[in-house]
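Architecture and fold: a report
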Amino acid sequence: MPGVVLVGAQWGDEGKGKATDLLGSRVDYVVKFNGGNNAGHTVVIGNEKYALHLLPSGILSPGVIPVIGNGVVVDLEVLFQELDAISARGVDTSRLLVSGSAHIIAPYHRTVDKVTERFLGKRRIGTTGRGIGPAYADKINRVGIRMWDLFDEKILRAKVEGALDQKNHLLVKIYNRRAITVDETVEELLKYADRVRPMVADTSVELNKALDAGRTVLFEAGQATMLDIDHGTYPFVTSSSATAGGAVTGSGIGPTRVDSVIGVIKAYTTRVGEGPFPTELFDDKGEFLRKSGGEYGVTTGRPRRCGWYDAVIARYAARINGLTDLVLTKLDILTGMEKVPVCVAYDVDGVRHDEMPTDQTAFHHAKPIYEQFDGWWEDISHARTFEELPVNAQRYVRALEEMSGTRISAIGVGPARDQIIPIHDLIHPR
Ligand code: GDP
Ligand code: IMO
Ligand code: MG
């Protein structure tokens, strides 16, 4: 039974890594189903802090089988760097499974990502530069290289040739770069073939069998709802399905397998990279959130843009993902504010919008309509029950719950594993 999907409800970095870790001891499999090493998940266990990019956060939980699903794009060099780095710290990585159908980020994807961003200039997306978009573009364009292809040099060579054909025209004629050769690419990719071979499997079969046998499978999203290729703030999005539907296509299970969908949401909002962000703060309050929340990217180190909680986005995320539960994180960071504003609707050119406008121009014009909540001053990082929270913090949480229409099942009050207020069980049948 339980198939549990866990997604980000905002623009990423909500604390998905910590939430996954929280469930770690109770799940049998943790599946990454989208994205690649553009993600950056922080997990704090005792005095140890781990930053994971390509690997599912569940790899840190003893007994869990970590799975990289078919919806992921895999940079092989990064895969082994990350595996070696956490193995060196004593983590058992031997159970990792990688879908044979997962696409590979080849060196030319990184090159294309960087030159495209430079070429876009003012219109750039602010990508992580990891080759994510170009790898997914090749997948959709049907010129991608998949894990299985690594094990047949002839096929690999033919596919690399096909993929490089157009790209070299682009690189040389438009971007004024040197051409990338088939030989250097094939040689680079083959370096990893023998090492990755034992990990590669038909992970759809494995996961469906596990669910049949009553195992608990957690599907952990990278990125988040507002960065989803279909439902995010296009074109300022990542190139994969980061919403709950992606868990199904990105791992080869049916939608009837999913029992619950957990949305992880911060008590305020952050965003990295370009694109619209209605509640963004440009003043000392934004600086306060960035400093006290440690809002700097785990992957690129970029300062994150910070703003108030946006209930329109929370409602949108609840709808798009069919959320059953919310995990509210970083409530502790809001301590010490006189008033805490929450965006309850948008004003778009004089018209009130209670729902997220999916018209790009309308969203660019959206001005937040705020409701003010009374703040609290007490240190809440030691609270372990809802009743221990100051009454104004309780009111804030209850209001967010009501506005999103989704129950808040846990509240984060610090980065450590035990800094959490459990409210409802997060693993439950539908
Ligand atoms: P992810 O990408 O969604 O996994 O999130 P990140 O790891 O990029 O960013 C979340 C950051 O917040 C990490 O540094 C976490 O250690 C930290 N964190 C998670 N939950 C809490 C919380 O409840 N309170 C505080 N203060 N920090 C938290
Ligand atoms: P986690 O999993 C926050 C953003 C980038 C950029 C856009 C496209 O840690 O929440 P890409 O390299 O994916 O083509 O960049 O998406 N982005 C993230 N922002 N958290 C992430 O992951 C992100 N992954 C990508 O900053 O704006
Ligand atoms: Mg992150």
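The structure under discussion appears in the preceding block.
Residues numbered from 1 in each chain as written. Chains lettered and ligands numbered in written order. Predicted model: local features only at pLDDT ≥ 70, side-chain atom pairs only at ≥ 80, totals over all residues. Heavy atoms only, no water.

**Quick word on the coordination of the magnesium ion (ligand 3)**
The protein atoms that coordinate the magnesium ion (ligand 3) are D13 (OD) and G40 (O), at distances spanning 2.0 to 2.1 Å. One end of the pair, D13, is in the loop between β1 (3-8) and α1 (16-23); the other, G40, is in the loop between β2 (29-32) and β3 (41-45), and 27 residues separate them in sequence. Classification of D13 by relative accessible area gives partly exposed; the value is 23%. Look at G40 and you get buried, because its relative accessible area is 13%. (Donors = N, O, S within 2.8 Å, 3.2 Å for Na, K, Ca; no water. Helix = DSSP H or I, 4+ residues; strand = E, 2+ residues; numbered from the N terminus. Buried < 20%, exposed > 50% of the residue type's maximum accessible area, 1.4 Å probe, protein only.)

**Structural notes on a nonpolar patch on the surface**
Side chains of F119, L170 and I174 sit close together on the surface and give an oily, nonpolar patch of about 290 Å² of accessible area. Of note, I174 is situated in helix α5 (residues 153-174). By relative accessible area, I174 is classed as partly exposed at 49%. (Patch = residues over 30% accessible without salt bridge, like charges linked within 9 Å, V, L, I, M, F, W, Y side chains within 5 Å. Areas by Shrake-Rupley, 256 points an atom, 1.4 Å probe, with all protein chains shown as cover. Salt bridge = Lys/Arg side-chain N within 4 Å of Asp/Glu carboxyl O.)

**Describing the sheet that holds strand β9 (residues 200-201)**
In sheet architecture, strand pairing relies on hydrogen bonds along the backbone and comes in two forms, parallel and antiparallel. An order of β9-β7-β5-β2-β10-β1-β11-β15-β19-β20 is seen for the ten strands of this open sheet, with the pairing classed as mixed. This sheet does not close on itself; its edge strands, each paired only once, are β9 and β20 (420-422). The pairing of strand β5 (residues 65-68) with strand β7 (residues 97-99) spans two bridges and is parallel. Of the residues in β7, the one forming a bridge with I68 is V98. The sheet strands contacting helix α13 (residues 391-404) are β15 (325-329) and β19 (408-412), and the helix crosses β19 at an angle near 140 degrees. (Pairing = 2+ DSSP bridges. Contact = heavy atoms within 4.5 Å. Axes fitted to C-alpha atoms, helices over the stretch in contact; angles between N-to-C directions.)

**Here's the deal with the packing of aromatic side chains**
Counted by the stated rule, this structure contains six aromatic pairs. An angle of 80 degrees between the planes, with centres 4.9 Å apart, marks the rings of F119 and Y175 as edge-to-face. You can see F119 sitting in helix α3 (residues 107-120) and its partner Y175 sitting in the loop between α5 and α6 (182-190), a full 56 residues away along the chain. The exposed category is assigned to F119, whose relative accessible area is 54%. Ring centres of W376 and Y396 lie 5.9 Å apart, and the angle between their planes is 55 degrees; on these two criteria the pair is classed as tilted. Taken together, the positions of W376 in the loop between β18 (367-374) and α13 and Y396 in helix α13 put the pair 20 residues apart, joining distant regions of the chain. In this structure, W376 and Y396 share a single accessibility class: buried. Put simply, the rings of F373, W376 and Y396 touch in pairs and so form one group of aromatic residues. (Phe/Tyr/Trp six-rings, centres within 6.5 Å; stacked < 30°, edge-to-face > 60°.)

**Describing the site of ligand 1**
Around ligand 1 lies a shell of 19 residues, among which K16, G40, H41, T42 and D332 are the nearest. Residue D13 places a side-chain N or O atom 3.0 Å away from an oxygen atom belonging to ligand 1. Listed by contribution, the elements that provide at least two residues to the shell around ligand 1 are α1 and β3. Take the shell around ligand 1: its biggest share by element is three residues, from α1. (Near = heavy atom within 4 Å. Polar contact = N/O pair within 3.5 Å; in protein donor to acceptor, adjacent residues only side chain to side chain.)

**Section: the site of ligand 2**
Surveying the vicinity of ligand 2 reveals 20 residues, the closest of which are K16, N38, T128, Q223 and T238. T238 has a polar side-chain atom sitting 2.6 Å from an oxygen atom of ligand 2. Measuring from an oxygen atom of ligand 2, one finds a side-chain N or O atom of R302 at 3.0 Å. Considering ligand 2 on its own, with 550 Å² of exposed area, one finds that the protein chains cover 97% of that surface. Looking at the shell around ligand 2, its residues break down into six nonpolar, eleven polar and three charged. (Nonpolar A, V, L, I, M, F, W, Y, C, P; charged D, E, K, R; others polar.)

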